[in-house]
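In case you want the letters, here they are:
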Amino acid sequence: GIVFEEVRVRFDSFDAQSEFKRTIGAVSPTAKVPVLVDGDLVVWDTLAIAEYVAEMAADLPGAQPLWPLERAHRAHARSICAEMHSGFTALRSNCPMNIEAHLPEIGALIWRDKAGVRADITRLVTMWSALLHAHGGPMLFGAFSVADAYFAPVCMRIKTYALPVPAEIS
């Protein structure tokens with residue numbers, strides 16, 4: 001129920017003079033995404049954005065909470081978000097984000113040659129399977145939460161590179 005405008009910026013390169021860097025740099029001190037602009041306020045860290053939006057949603061009548069309601073589940077959700085924020089480096093390094101691509105051949109080579117990617121996927125499958133079982137799905141904590149949003153980039157990498165995961169995960 002939060003009204004927003006999505007602004008898409010085509011990625012051309014990480015070069016400081018690229019159109020992407022100039023456009024994002026005009027609104028974010030880091031010249032990186034994601035960035036949320038709300039009037040004069042600029043929020044540029046994923047967790048800070050999630051917390052800001054969760055607070056906004058809490059103020060809307062009838063809005064779905066963005067963190068699990070139970071304190072222990074909320075702590076668990078924040079833990080896995082923090083793990084995502086700082087972890088899965090082999091997957092993130094070897095499978096760059098490209099939502100327009102379909103790269104199963106490259107994914108097969110990465111899967112064959114990169115033990116770290118296999119370990120990251122194993123950790124994800126273990127985590128997601130346990131959460132889906134514990135909370136009954138369809139999302140990690142039952143209903144949609146910040147945790148699901150956090151793992152969207154990982155889901156895109158799995159899809160782009162056609163990395164093997166069990167059917168209940170894909």
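Conventions used here
Residues numbered from 1 in each chain as written. Predicted model: local features only at pLDDT ≥ 70, side-chain atom pairs only at ≥ 80, totals over all residues. Heavy atoms only, no water. Axes fitted to C-alpha atoms, helices over the stretch in contact; angles between N-to-C directions. Helix = DSSP H or I, 4+ residues; strand = E, 2+ residues; numbered from the N terminus. Parallel < 35°, antiparallel > 145°, perpendicular 65-115°, else oblique. Left-handed = near helix turned anticlockwise from the far one by under 90°. Contact = heavy atoms within 4.5 Å. Nonpolar A, V, L, I, M, F, W, Y, C, P; charged D, E, K, R; others polar. Buried < 20%, exposed > 50% of the residue type's maximum accessible area, 1.4 Å probe, protein only. Lys, Arg positive; Asp, Glu negative; His and termini not counted. Salt bridge = Lys/Arg side-chain N within 4 Å of Asp/Glu carboxyl O. Phe/Tyr/Trp six-rings, centres within 6.5 Å; stacked < 30°, edge-to-face > 60°. Lys NZ or Arg CZ within 6 Å of the ring centre and 35° of its normal. Core = buried A, V, L, I, M, F, W, Y, C linked by side-chain atoms within 4.5 Å. Polar contact = N/O pair within 3.5 Å; in protein donor to acceptor, adjacent residues only side chain to side chain.

## Looking at the packing of helix α3 (residues 71-86) against helix α6 (residues 115-135)
One way to put it is that α3 packs onto α6 with a least axis distance of 13 Å and a crossing angle of 160 degrees. The orientation of α3 relative to α6 falls into the category roughly antiparallel. Two packed elements cross with a definite hand, and for α3 against α6 that hand is left-handed. Where α3 approaches α6, its residues His73, His76, Ile80 and Glu83 are matched on the opposing element by Arg123, Met127, Leu131 and His135. Counted by class, the contact of α3 with α6 contains 3 nonpolar, 3 polar and 2 charged residues.

## What about the side chain of Lys21?
Along the chain, the position of Lys21 falls in helix α1 (residues 19-25). Nearest to the buried, unbridged Lys21 among oppositely charged side chains is Asp12, at 9.4 Å. Contacts of Lys21, omitting those with residues within four sequence positions, involve Ser13, Phe14, Asp15, Ala16, Thr30, Ala31 and Lys32.

## Points about the side chain of Arg157
Secondary-structure assignment places Arg157 in helix α8 (residues 152-160). The side chain of Arg157 sits in the buried core without any salt bridge; Asp120 is the nearest counter-charge, 9.0 Å away. Here Arg157 is in contact with Leu91, Arg92, Cys95, Pro96, Met97, Ala162 and Leu163, once residues within four sequence places are set aside.

## Quick word on the packing of aromatic side chains
Throughout the structure, instances matching the rule amount to 3 aromatic pairs. On the numbers, 5.2 Å between centres and 75 degrees between planes, the contact of Phe11 with Phe20 is edge-to-face. Against the face of Trp67 rests Arg78, its NZ or CZ located 4.7 Å from the ring centre.

## A look at the nonpolar core
Here is a general trend for soluble globular proteins: nonpolar side chains tend to be buried in one another's company. Core analysis: the biggest nonpolar cluster contains 33 residues, and Ile121, Trp128 and Phe151 have the highest contact counts within it. Sorting the residues of this core by element identifies α2 (46-58), α3, α4 (89-94), α6, α7 (146-150) and α8 as the ones contributing at least two each. Among the elements that make up this core, the one with the highest residue count is α6 (7 residues). Sequence-distant contacts of Ile121, that is, excluding residues within four places in its chain, are made with Leu91, Trp111, Ile158, Leu163, Pro164 and Val165.

## Quick word on the packing of helix α5 (residues 104-113) against α6
Interaxial distance between α5 and α6 falls to 5 Å at its minimum, and their mutual angle equals 95 degrees. The angle between α5 and α6 falls in the class roughly perpendicular. Two secondary-structure elements touch here, α5 through Ile110, Trp111, Arg112 and Asp113 and α6 through Ala115, Val117, Arg118 and Ile121.

## Here we look at the environment of Glu100
By the element assignment, Glu100 lies in the loop between α4 and α5. Sequence spacing of Glu100 and Thr160 is 60 residues, and the spatial spacing of their C-alpha atoms is 8.1 Å. Within polar-contact distance, the side chain of Glu100 engages the side chain of Arg10 at 3.0 Å.

## Digging into unusual backbone geometry
Pro34 follows Val33 through a cis peptide bond whose omega is 5 degrees. Examined against the element boundaries, Pro34 turns out to sit in the loop between α1 and β1 (36-38). A positive phi angle is found at Phe88, which is not glycine, with a value near 55 degrees. Within the secondary structure layout, Phe88 lies in the loop between α3 and α4. Using a relative accessible area of 6% as the deciding quantity, one classes Phe88 as buried. For Ala162, which is not a glycine, the phi torsion comes out positive at approximately 50 degrees. With respect to the helices and strands, Ala162 occurs in the segment after α8. Since its relative accessible area comes to 42%, Ala162 is described here as partly exposed.

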